[in-house]
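The primary structure of each chain is shown beneath.
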Amino acid sequence: MRQFDVFVFDNSSEFDSWKPTLEDDALGWFHTRDWNACLNELEAEWIVFAHPHINIDREFLNELALATDGFPMVDAFAPRIRLKEHFYGGLLVQGSKGFAPISEREELRYVAAPNPLLGVFSRRIIQRTGIFDLDLPEHLRLLDYALRMAHAGGRIFSIPYLVAKAFDDLATPEDTAIINGEFLGKGELVKDLWPLIYKNLPSNLALKYTMRHPSMLGKFIRTPQDIEAKREKAVLLSKLSEKILQEISVRKK
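Calculation criteria
Residues numbered from 1 in each chain as written. Predicted model: local features only at pLDDT ≥ 70, side-chain atom pairs only at ≥ 80, totals over all residues. Heavy atoms only, no water. 1 Å grid on protein atoms, 1.4 Å probe; cavity = no way out; pocket = protein on both sides within 12 Å on 5 of 7 lines; lining within 4 Å. Points joined across faces, edges and corners; volume = space filled by probe spheres on them. Helix = DSSP H or I, 4+ residues; strand = E, 2+ residues; numbered from the N terminus. Nonpolar A, V, L, I, M, F, W, Y, C, P; charged D, E, K, R; others polar. Buried < 20%, exposed > 50% of the residue type's maximum accessible area, 1.4 Å probe, protein only. Polar contact = N/O pair within 3.5 Å; in protein donor to acceptor, adjacent residues only side chain to side chain. Contact = heavy atoms within 4.5 Å. Patch = residues over 30% accessible without salt bridge, like charges linked within 9 Å, V, L, I, M, F, W, Y side chains within 5 Å. Areas by Shrake-Rupley, 256 points an atom, 1.4 Å probe, with all protein chains shown as cover. Salt bridge = Lys/Arg side-chain N within 4 Å of Asp/Glu carboxyl O. Pairing = 2+ DSSP bridges. Phe/Tyr/Trp six-rings, centres within 6.5 Å; stacked < 30°, edge-to-face > 60°. Lys NZ or Arg CZ within 6 Å of the ring centre and 35° of its normal.

K.L.:
Residues and numbers for the layout of surface pockets, please.
P.N.:
Take a probe with the size of a water molecule and roll it over the atoms, and the empty space left behind shows itself. Quantified by volume, the largest pocket comes out at close to 390 Å³. If you trace the largest pocket, you find 17 residues lining it, with T129, R148, K230, K233 and A234 closest to the centre. Breaking the lining of the largest pocket down by element, the ones donating at least two residues are helix 2 (123-129), helix 3 (138-151) and helix 8 (225-235). The element that contributes the greatest number of residues to the lining of the largest pocket is helix 8, accounting for 4 residues. Its residues assigned to classes, the lining of the largest pocket comprises 7 nonpolar, 3 polar and 7 charged.

K.L.:
Break down unusual backbone geometry for me, citing the residues and quoting the values.
P.N.:
Residues other than glycine predominantly adopt negative phi, and peptide bonds predominantly adopt the trans conformation. Although it is not a glycine, K84 adopts a positive phi angle of roughly 60°. Topologically, K84 is positioned in the loop between strand 6 (80-83) and strand 7 (86-88). The class for K84 is exposed, based on a relative accessible area of 55%. In this structure, L237 takes a positive phi of about 55° despite not being glycine. For L237, the position within the fold is in the loop between helix 8 and helix 9 (242-247). With a relative accessible area of 72%, L237 lands in the exposed category.

K.L.:
Requested: an account of the side chain of E106, with residues and values cited.
P.N.:
If you trace the backbone, E106 turns up in the loop between strand 9 (99-101) and strand 10 (109-111). A polar side-chain atom of E106 sits 3.3 Å from a polar atom in the side chain of R251. Among residues more than four places away in sequence, those in contact with E106 are P160 and R251.

K.L.:
I'd like a rundown of a nonpolar patch on the surface, residues and numbers included.
P.N.:
Residues L207, M211, L217 and I221 make up a contiguous nonpolar surface patch of roughly 380 Å² in combined accessible area. Among the secondary structure elements, those contributing two or more residues to the nonpolar patch are helix 6 (203-212) and helix 7 (217-221). Note that I221 resides in helix 7.

K.L.:
Provide a residue-level description of the sheet that holds strand 1 (residues 4-9), including the pertinent values.
P.N.:
Pairing is mixed across the open sheet formed by 7 strands, whose spatial order is 2-1-3-11-5-12-10. Looking along the sheet, the strands with just one partner apiece sit at the ends: strand 2 (27-32) and strand 10.

K.L.:
Describe the packing of aromatic side chains, listing the residues and the values that go with them.
P.N.:
This structure, assessed with the given rule, holds 13 aromatic pairs. With 6.0 Å between their ring centres and 90° between their planes, Y198 and F220 make a pair best called edge-to-face. With Y198 in helix 5 (residues 190-200) and F220 in helix 7, the pair connects residues that are 22 residues apart, well separated along the chain. Residue Y198 is classed as buried on the basis of its relative accessible area of 11%. By relative accessible area, F220 is classed as partly exposed at 23%. Members of the aromatic cluster, each reached through a chain of ring pairs, are F7, F9, W35, F49, F121, F132 and Y145. When the ring centre of W35 is taken as origin, the NZ or CZ atom of R141, which lies over that ring, is 5.1 Å away. The positively charged end of R231 is found above the aromatic ring belonging to Y198, 5.4 Å away from the centroid.

Okay, structure coming up:
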């Protein structure tokens, strides 16, 4: 069995010119536009989900190997991404505001989700979580997947020294906004983020987020059947307790 499979989700105009950053018989590469088509082909113990603007090199994989050995009970990891001189990590639940990125100075801790452009999941938790929700924009799919994984009993760990570099010359302003979490505060994101919050977070948080964004009140009162069905499926036999939810939320000062 391979130790790592690297799944590169790529819908860019440079799709045909993409090449793996390194060759190794113990490493599997899956480069695709279809997020779900290759999930059944993944064979490694650990799966790296990465945007093509993230450099998956040997240094990162060596550090990842140390992390998986050092924390055997962890189901997923939220590596930090280095872009120029800054480091951007995972996301936390932030009450009525939705989500917020962790601080650059954050220590070891559990998080709600990895950075939208890079996450590492064990194959065992992928098998329990299922497929990606393709109704969501690409930059919200890892967030949604991580929350559904939490309902399935999985935990995501953030380790400050587990870092992957972004290709500086390839990072567009849009990608940079996603890497550093600025996209979470954009008003146009609400219509996409609301169903993710409604189907994955407790009703009181979904209501608080809705009241903060009244344009979503109609959907909260008469929720579309497909979103209700996704919520029921996500929270069925949920293992996401209040204690765990607090651990993956922004800490109150």
